[in-house]
Structures are given as structure tokens and as C-alpha cells.
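Chain by chain, the residues run as shown.
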Amino acid sequence: MSLRWRRSSPQPDESLQLVRLPKHDYAPQQNAVRVDPRGIGALSIHLENLELTRSIAQEASSLTYSTLAAAIDIGLSMLETQHGRRSLRQELGRQWKGAGPRSNKAYVDHFLRRIRHDFPWVVVERMSPNVIVAARRLDRLTKGSEDSPKRFGLYFNYYGVTAMVHSCGQAPTSRTMRQRFHTYLFKFACAIAHEVCTLLVSHSHNHLSKAVVVSASHTRTGFDNMLFGGHLKFYANEGVDGNHPGVPHVLDERGVSHQVDPDYVRSVVLEREYTFPLQVTGRSYTAHDRATLRLQNMGALGAGYPPPSDELLMEALSERHLRVYDVSESDLRRIPHRLGPLKKAVTVVYVR
């Protein structure tokens, strides 16, 4: 048997709660006490460190962990709306030719509960600048049940994450940086929703074929069209500094890009008010317009693939003690307003 210890952090003197888990199972025990069913469970975020040739697990009190946790929560909340669930069901319908609407609904509901309870590994690594988030099935990860979300990893672009963390640090004293931080949260949240749809399809196929790997992210065009109203890309004027998240635009089937309303972005990030498809302004640009204005592509959903190797994460997961965190809904929702790191989380240490 494996042992898992729980304690509230950062208080070091709190009593520990021992939970027994089946051997080699990363997933939290189903009857274990959770901090908040609407929070995020067993969230572990690893940051690339090339000098150590491995990824380093981030503390919940770090800005990297806190800002990514907030973005993940917003992305999951998008999918948990009625429109988000319908978009996922329709994507499953395109993949499961023999499954009826009732089966798809039950599976989507099950998957969304499971992924909140036990979120996939999160890795921050250097990738192509156009990639925001990319999903990978961790085929070499033999521990954990086949049904566990920990069989998958979400890879976040190192440059985008560090820029988001920088903007959050400057946000309390700069309106411009505060706007950038909120745009970054929105950017990562939409990319997370897109990639979680990819994980859903791959996760569902696990019950049909052991050989299926994560599908290419760019195949989710039907899902993007229904949830966002088209393909979501981020543009910025030529010559902007590398920390700029870009301005979100929705591209329609004619290739015309429509700018997402900045007020809508703020309402999503700060108030969790969702309206789908995304609300846009009257400003639109054809491909010719974008070339004339020399708009730079600052990232797009499904723009590429994760790094070709998962060596850094595999080295980190080889440790005997794996520290993950449960984060409550109230803490997650404070981050965009507080513009600072988490004050409290629940530490879960797996002893293997």
C-alpha cells in the first residue's frame, strides 16, 4: 500500500491526516475528504529547469502556480457551462459514431468531475512561440489506472507563462500590466478548454482501444466553432515587446478576424460571466488588412504540439515523494482580484 499525507499549508505544525491508497495509484481516493468540490484537486505544476535537466515542482504559494491555477479554473468553468458541455458532447458525437446523446452526456459529466478531482500533470517548458498549451499522453507513465487523468500532461509555453507572471507582479501599480495579466488569464483559459476537449476525446478512446494516443489539437475545429465562434488567435502590432499577450480575435470561416470585446474578457476573468460564442466588437480584419497592418501572431489554439520529449517531467516524477495541492474555489477566484499568490492550499504528499 502507498501512503498519502494531507495537511493544510503553510502552517507547518498542523496535524497530518494519513490516507491509504492502492499501490502505484496517483489518483486521490474517491472517499477522501476534499477541500472544495468546486476547486481543483491534486494539481501539480512543474517548471522547466535546464541546468538540472528536470522540471521543478512549484509551491502553491508561488506566482507561477497561483496564476496557472486561476487560468485552469476559468478554462474548466467554461466547459462546465451548459454551452461548454454541449460543445463537448457534440465533439464526442463526431468521434463516437455508435454512442447516443445520453451516453455522451453521461460521459462528459463524468469526465469533467474527474478532471476537477484529479487534474493532469502541468508542465511549463520552452516551445514554439505560437503554441499556448499542448496536450500529451504520457505513455511511459505506467503508474496510475488507465482511467486516471494523471495519464496525461498539459504543456504550457514557458515564455507565455513567465510573461504572465511578470505582468501579475507589476499589476498592482500598473493599469497596463493589470490588463495584460487579465488577457493572459483569458488566453490560457481558452487554450486549456481547447486542450481538455482533446483529452476528453483521447480519454474516451481509452475504453475502446489501448493504442490510441492524444489526437492532434488542431482537429478540434468543430468544438472551437461552437464554443468560441471560430478559430481563436491573438494578434499584436509589429514591434511590441515579447511580454505582450496579444489581442484576442475570432476568425470566421472566411478568414476574417473579429476582435474579442475587452469588456467581455474582463467579465470572464473577474466575474466568471460567460456568454458563448465569444462577444466581439465591430472591429474586423481580413487577411489583407492584417498583412497591411503587420499584425503579429502571438499565439493560437491548437497551433502546435508539446515538446518532442517528456524527459524533464519523467525525471521529476521519478521521485519517491510527489507533492500536489488541492485548491479551493474561493482561493482560485481571489487571484485575478488580489493580483498575488495563493495564501492557502492543502498539501498532498504521495509516498510511493
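Quick notes on the rules
Sequence order sets the numbering: in each chain, residues are counted from 1 along the sequence as written. Two thresholds apply to this predicted model, a pLDDT of at least 70 for residue-level local features and 80 or more for giving and counting side-chain atom pairs, whereas whole-chain, interface and lining totals are computed over all residues. Excluding hydrogens and water, the side-chain values take into account all heavy atoms of the structure. Starting at the N terminus, helices and strands are each numbered in turn, a helix being any DSSP run of H or I of at least four residues and a strand any DSSP run of E of at least two. Burial classes follow relative accessibility: with a 1.4 Å probe on protein chains only, a residue under 20% of its type's maximum area counts as buried, one over 50% as exposed, and anything between as partly exposed. Note that accessible areas follow from Shrake-Rupley with a 1.4 Å probe, and for residues the cover is restricted to the protein chains shown. Two strands make a pair as long as DSSP finds a minimum of two bridges between them. Helix axes are fitted to C-alpha atoms over the stretch in contact, other axes to C-alpha atoms as well, and angles between N-to-C directions run from 0 to 180 degrees. When checking whether two residues touch, look at their non-hydrogen atoms; a contact exists if any pair is within 4.5 Å. When a carboxyl oxygen of Asp or Glu lies within 4 Å of a side-chain nitrogen of Lys or Arg, that pair is called a salt bridge. Note on terminology: a nonpolar core comprises buried Ala, Val, Leu, Ile, Met, Phe, Trp, Tyr and Cys residues joined through side-chain atoms within 4.5 Å. Per-residue confidence from the predictor is reported as pLDDT, a score between 0 and 100.

1. What to know about the overall build of the protein
Link 1 in the chain: The helix and strand tally for the protein stands at 10 helices and 15 strands.
Link 2 in the chain: In the protein, buried positions account for 57% of the 352 residues.
Link 3 in the chain: By element, 50% of the accessible surface of the protein is carried by carbon and sulfur atoms, the whole surface being about 15,100 Å².

2. Section: the sheet that holds strand β11 (residues 257–260)
Link 1 in the chain: Taken in spatial order, the 5 strands line up as β12-β11-β10-β9-β13 in an open sheet, and their pairing is antiparallel. The open sheet has two free edges, formed respectively by β12 (280–285) and β13 (295–300), since each of these has just one partner strand. Taking the axes of each pair of neighbouring strands and ignoring which way they run, one obtains an average angle of 40° across the sheet.
Link 2 in the chain: Pairing between strand β9 (residues 231–237) and strand β10 (residues 247–251): 5 bridges, direction antiparallel. Counterpart to Leu 232 in the pairing with β10 is Val 250.
Link 3 in the chain: Of the strands in this sheet, β10, β11 and β12 touch helix α7 (residues 262–271), which is tilted by about 50° from β11.

3. Points about the pairing of β11
Link 1 in the chain: With 3 bridges connecting them, β10 and β11 associate as antiparallel partners. By the bridge assignment, His 249 is partnered in β11 with Gln 259.
Link 2 in the chain: Hairpin connection between β10 and β11: a loop of 5 residues separates the two successive antiparallel strands, and Gly 255 in this loop has a positive phi of roughly 85°.
Link 3 in the chain: Bridge count between β11 and β12: 3 bridges; the pairing is antiparallel. Among the inter-strand pairings, Val 260 is bridged to a residue of β12, identified as Val 280.

4. Remarks on the environment of His 203
Link 1 in the chain: Within the secondary structure layout, His 203 lies in helix α5 (residues 175–205).
Link 2 in the chain: Looking at His 203, the relative accessible area reads 2%, which means it is buried.
Link 3 in the chain: Note: C-alpha distance between His 203 and Phe 152 (51 residues apart in sequence) is 9.0 Å.

5. Details of the pairing of strand β8 (residues 152–157)
Link 1 in the chain: With 6 of 6 residues buried, β8 lies mostly within the body of the structure.
Link 2 in the chain: Going residue by residue along β8, you find Phe 152, Leu 154 and Phe 156 tucked away on one face and Gly 153, Tyr 155 and Asn 157 tucked away on the opposite face as well.
Link 3 in the chain: As paired elements, strand β6 (residues 121–125) and β8 share 5 bridges and run parallel to each other. Looking across to β8, one finds that Val 124 is bridged to Phe 156.

6. A look at the pattern of salt bridges
Link 1 in the chain: Counted by the stated rule, this structure contains 13 salt bridges.
Link 2 in the chain: The shortest N-O distance in the salt bridge between Arg 126 and Glu 48 comes to 3.3 Å. Of this pair, Arg 126 sits in the loop between β6 and β7 (133–137) while Glu 48 is found in strand β4 (residues 45–49), placing the two residues 78 residues apart along the sequence.
Link 3 in the chain: Assessed through its relative accessible area of 10%, Glu 48 is described here as buried.
Link 4 in the chain: Taking the shortest distance from any N to any O, the salt bridge between Arg 272 and Asp 73 comes out at 2.6 Å. Remark: Asp 73 occurs in helix α1 (residues 63–80) and Arg 272 occurs in the loop between α7 and β12; sequence separation between them is 199 residues.

7. Quick word on the nonpolar core
Link 1 in the chain: Within the largest apolar cluster, 76 residues are counted, with the highest numbers of intra-cluster contacts made by Met 78, Phe 156 and Phe 186.
Link 2 in the chain: The element that contributes the greatest number of residues to this core is α5, accounting for 14 residues.
Link 3 in the chain: Sequence-distant contacts of Phe 156, defined by excluding residues within four places in its chain, comprise Leu 68, Ile 72, Val 122, Val 123, Val 124, Glu 125, Met 127, Ile 132, Val 133, Val 161, Phe 188 and Ile 192.
Link 4 in the chain: Counting residues in each nonpolar core, the second largest holds 13 residues, with Met 127, Val 131, Leu 138 and Tyr 155 among its members.

8. Some thoughts on the confidence of the model for the protein
Link 1 in the chain: Mean pLDDT for the protein: 80, with 73% of residues reaching 70 or above.
Link 2 in the chain: Counted against residues more than four places away or in other chains, residues 207–218, with its pLDDT under 50, gives 29 contacts.

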